[in-house]
Each structure stands twice: as structure tokens, then as C-alpha cells.
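Structure at a glance
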Amino acid sequence: MSEQTNIDVVVAGGGIGGLATAAALRLHGCRVTVLEQAPRLGEIGAGLQIGPNASRILYRLGMGEGLDAAALVVEESVRRRWSTGEILTKTTLGTQARHKFGAPYLHLHRADLHQILLEGATRADGPGEPVTVEIATRVVGVDDAGTARPTVRTEDGRVFPADVVIGADGINSAVRGAVDAPSAIVQSGDMAYRTLIPAEPVLQDPATRWIFDWPAANFWLGHQRHVVMYPVRDMSFVNVVAVVPVTEHVRAEDRALVPAEEMRRQYDGWDPRLTRLLACSEEQVMAWALNYQDPFSRWSSGHVALLGDACHSMLPYFSQGASQAIEDGAVVAEELAKAVRGEQFIDEALLHYSDRRAERAAVVQQGAVGNRQLFHLPDGPDQRDRDRRFRENHKESNVSFDWIYSGTPLEDDASLLTA
Ligand SMILES: Cc1cc2nc3c(=O)[nH]c(=O)nc-3n(C[C@H](O)[C@H](O)[C@H](O)COP(=O)(O)OP(=O)(O)OC[C@H]3O[C@@H](n4cnc5c(N)ncnc54)[C@H](O)[C@@H]3O)c2cc1C
């Protein structure tokens, strides 16, 4: 093996994981087609935290200008007591994160990040060949998965042959069967209300405008519930993720539009700083059942591989699902680049990709399940012990932020660009 080969890659799913991967593959000399089921490209109206482990990759992919325009650099992440808002612990981010990890911790509107990734993948003047994106194209399966030229089948009867098929099609992946990976989904018992509160009512009320003083992520932790709030998009919205035990309605529907009053009632008696902010929300909010998979290590078979939520869906209690998907994209692209250069076979490249990524993602998945218990303790001895450890600045869980934010070692780490 030594000749430069063209490699055609079909990526199922044009979400954050699929597009980040497409942009990285393009940079590394692959010809990429993304198949997305939605009739329009975009993301849901919600915020997203992007750790330095992922932002450093996005900067390297040349997306710095877009990120600098759209993202807020987060100064700190704050844990508060549910009833009083008392600060239990703070993680300093800001310039410290930049120095330590070579990249910033960011808050973004999901639609903005999606647009940045789409541009990176498809712009005509970028490196390599622009990625082709087919919308309204639902993947239903992969044929000849064990061969060197698998084909992707779509609902409208088309077939897309490729040298490599990547399933970036989320927790209910249609590609997962082709690598024989487990399909069982775990229902966590929690759900999240998600909404973006516009700045105007928040800024008018002296009791709520504090949230815009400083770009920080605020977590209120209480029994069976927690809330995360942070400003996004040039301080024009507050993003809310409010976690509670799942209702029968949402369990059955998976996601549902519900009256905001239902969300507000769940936090009766909590810190007035929080409840006053929730009072500013629109009258309807989306509620999402929080489901995940237990870790598995079989991420590829032959010329087919999985990434993102398709192989490591997790509870959002480390705010890391999308960041881990971006890491997958960088690593699979590095490995396939060696196949492009003729230094390894494609099936080897995909195995090396999962060797480098599966164990790390599993630690984050399991850590997020651990955080569910840690965040949701009832008041009592365990909660007091947790809060004492927080105050004394012990690490929050068995998985350290330093380890997560350092990310998977990449081959060009030596030439790391600092943001
Ligand atoms: C409440 C909540 C808060 C979160 N907060 C954060 C956070 O702050 N930071 C963070 O990093 N992560 C966070 N996450 C996790 C993050 O949203 C996901 O891990 C991430 O979006 C996964 O990206 P993905 O591209 O792998 O999958 P998805 O986002 O699920 O994208 C899959 C794409 O594939 C398409 N698709 C699906 N099936 C098919 C098919 N058969 N054919 C073609 N296309 C298909 C879908 O339409 C979609 O566009 C949060 C999650 C939740 C629920």
C-alpha cells in the first residue's frame, strides 16, 4: 500500500456529528456525501455548550471566524443549591481553559453551530472537494456491509455506493444494524424542558437581569431535579435545560410541546432567582425524554462505522454529547487520511478509530449517569457531604473535567492552534 487513493464516504445524518465529520474528511482528502432525512437543514432552537476538547478541533478545521462571531466564551460554570442559590462550587474557564487546553469553552445557539459546520463542509473555496448534502433523504439500511463497497439504501428507493459508510444518524440509527451493535435504548426516568428565553423581559426585571452580567453556566441542583441556564447568541437569549422526572405523556411521545406552567410548577419553592427567570419563558416549552445507550465498543464492521449519538448517546449531565461527536469526526478523518495515503486499509482505519475513541466516550457516558445521582440527591447526609466536597473543591465526579477537556490526543497536536 502506498498510492494515494480517492475515498468516497457516505455519511448518514447531517446533524452536528455528521457535518463536523464531513468537514474533517474533506480536509483529509475524502469525497463526501451527507444524507439527511430532514426536508431542511438546521438544528433545534436551543443552546449548546462546547468544551475545549471540541472547540480546538473546530478552530483547526478553519471555523474560527464563524465561532468568534457566534459563540460566547464561558468564564465559569457554577453549581448552586436548589433552594437558596448559594454557590457550592465554581469551575473557572475563560482564559484559564484557553491556556490549559489550547481552546475556549463556548456557548452557542445550536442553529449557529450547525450553520458554521455546514459552511465548513460545503464552501467552494475550502480545502479538498466540497461536501454534497442531500436533504429529505432518509437512510433505511446498508447493504453489503461486509464488503469493500457497501451501499446505502434510502426510503425513496435510491442507492448510494461508497468505500466507507458512516452512521451519524443519532440514537435511533438506521446504520447501527450493519455493524451488529446493540440497539437497546435505556430510558433514564428523566426528561428535560428546553427553551430559549428572549433577553427583553429578563433585562427589564432587576431580579433576573443578573444572568446577563457575565457569561457563565449556572446549575441549580436539587432532589430529582436540576436546572442549567446560560446566555447565548450575543447575550440575546437565556438557554434553559430544566430536568425533572419524566411524565407519562412525554415518556410515551419521546418529545412534546407542553405548557410552560407545567415546568414552572416543578420548581415551586426553589431559589427565587431561578423561578423569576422561568417566569419569563414563553408559554409553551419542549419536553424531551432523556434516553441513552449503555456503552459498547463495536463501532465498525468492515467499511461501515458509527459516530456521535449513533454509538455513544449519553445523558446531557456532562454537556458533552455533541463535543464527543466532534472528537469522533476528527479521529475518523485522521485514520481515513492514512487510507487515502495508502498507509493502511479502510477496515483497519475504522478499527483504529474506534480503538482511539470508544473507551473515552464510554467513560463520559458512564460519568454522566453518575452525575444523575450526584446532582439529584435529596437533602440529607449524602447531599451535605457532596456540598462539602464541592466547597472544598474536590473534583465533582470520578471523571475529571481536565481529562474530558484535554480531549482525545490528535496526531497534529504538536501544531495546535490556540484560539
Ligand atoms: C437536553 C439536552 C442538552 C444537551 N446539551 C448538550 C451540550 O450542552 N453540549 C453537548 O456537547 N451536547 C449536548 N447534548 C447532546 C447533543 O445534543 C447530542 O449528543 C448531539 O446532538 C449528537 O449529535 P449527532 O450528530 O451524533 O446526532 P443527532 O443530533 O441526533 O443528529 C442526527 C442527524 O441524523 C438525521 N437522521 C436520523 N436518522 C436518519 C436517517 N435514517 N437517515 C438520514 N438522516 C437521519 C437527523 O435528522 C439528524 O439531523 C444535549 C442533549 C440534550 C437532550
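Residues numbered from 1 in each chain as written. Predicted model: local features only at pLDDT ≥ 70, side-chain atom pairs only at ≥ 80, totals over all residues. Heavy atoms only, no water.

A few points about the confidence of the model for the chain
Convention followed: pLDDT is defined as a per-residue confidence score from the predictor, taking values between 0 and 100. In this analysis, two residues are considered to be in contact whenever any of their non-hydrogen atoms come within 4.5 Å of each other.
Taken residue by residue, the chain gives an average pLDDT of 95. The fraction at 70 or more is 98%. Low confidence marks residues 415–419, where pLDDT is under 50. Its contacts with residues over four positions away, or in another chain, come to 12 contacts.

A few points about the site of the ligand
The cut-off we apply is this: In this text, near means that some heavy atom of the residue lies within 4 Å of the molecule or strand in question. Two N or O atoms count as a polar contact when they lie within 3.5 Å, although within protein this holds only if one can serve as hydrogen donor and the other as acceptor, and sequence-adjacent residues are included solely when both atoms are side-chain atoms. The Shrake-Rupley method, run with a 1.4 Å probe sphere, supplies the accessible areas, and residue values consider only the shown protein chains as cover.
What surrounds the ligand is a group of 31 residues, the closest being G17, E36, Q49, R110 and D309. The separation between an oxygen atom of the ligand and a polar main-chain atom of G17 is 2.8 Å. Note that a nitrogen atom of the ligand is positioned 3.2 Å from one of the backbone N or O atoms of G321. Relative to its free-state accessible area of 1,000 Å², the ligand is covered by the protein chains to the extent of 86%.

Some points on helix α4 (residues 94–101)
Where we set the bar: Here the term buried applies to any residue with accessible area under 20% of the maximum for its type, exposed to any over 50%, and partly exposed to those in between, with areas from a 1.4 Å probe on protein chains only. Every helix listed is a DSSP run of H or I at least four residues long, and every strand listed is a run of E at least two residues long, numbered separately from the N terminus. It is the directions from the helix axis to the C-beta atoms that the arc portrays.
Of all the positions in α4, only G94, A97 and F101 are classed as buried. Viewed end-on, α4 has its buried residues packed into an arc of 50°, placing them on one side of the element. Relative to its buried face, α4 has exposed residues pointing more than 90 degrees away, namely T95 and H99. Structurally, α4 contributes buried residues whose contacts are with α2 (52–60), β4 (72–73) and α14 (401–406). A positive backbone phi angle near 80° is found at G102, which sits one or two residues after α4.

Focus on unusual backbone geometry
The residue D144 is not glycine, and still its phi comes out positive at about 55°. Its location among the elements puts D144 in the loop between β9 (139–143) and β10 (151–154). For D144, a relative accessible area of 47% puts it in the partly exposed group. Look at D180: it is not a glycine, yet its phi comes out positive at around 65°. Using a relative accessible area of 61% as the deciding quantity, one classes D180 as exposed.

Re the packing of aromatic side chains
Put simply, the test is: Two aromatic rings, drawn from Phe, Tyr or Trp (for Trp, its six-membered ring), form a pair once their centres lie within 6.5 Å of each other, and the interplanar angle then sorts them: stacked below 30 degrees, edge-to-face above 60, tilted otherwise. Only lysine NZ and arginine CZ atoms are considered, and such an atom sits over a ring when it is within 6 Å of the ring centre and within 35 degrees of the ring normal.
One pass over the full model with this rule turns up 10 aromatic pairs. Considering the side-chain rings of F219 and F375, the 6.1 Å spacing of their centres and the 70° angle between planes classify their relative orientation as edge-to-face. Here F219 is found in strand β14 (residues 216–222), whereas its partner F375 is found in helix α12 (residues 346–375), with 156 residues between them in sequence. A relative accessible area of 5% places F219 in the buried class. These aromatic residues form a ring-pair network of at least three members: F101, Y105, F318, F401 and Y405. The ring of W288 has R194 lying over it, and the distance from NZ or CZ to the ring centre is 4.5 Å. Positioned above the aromatic ring of W403, the side-chain terminus of R360 is 4.2 Å from the ring centre.

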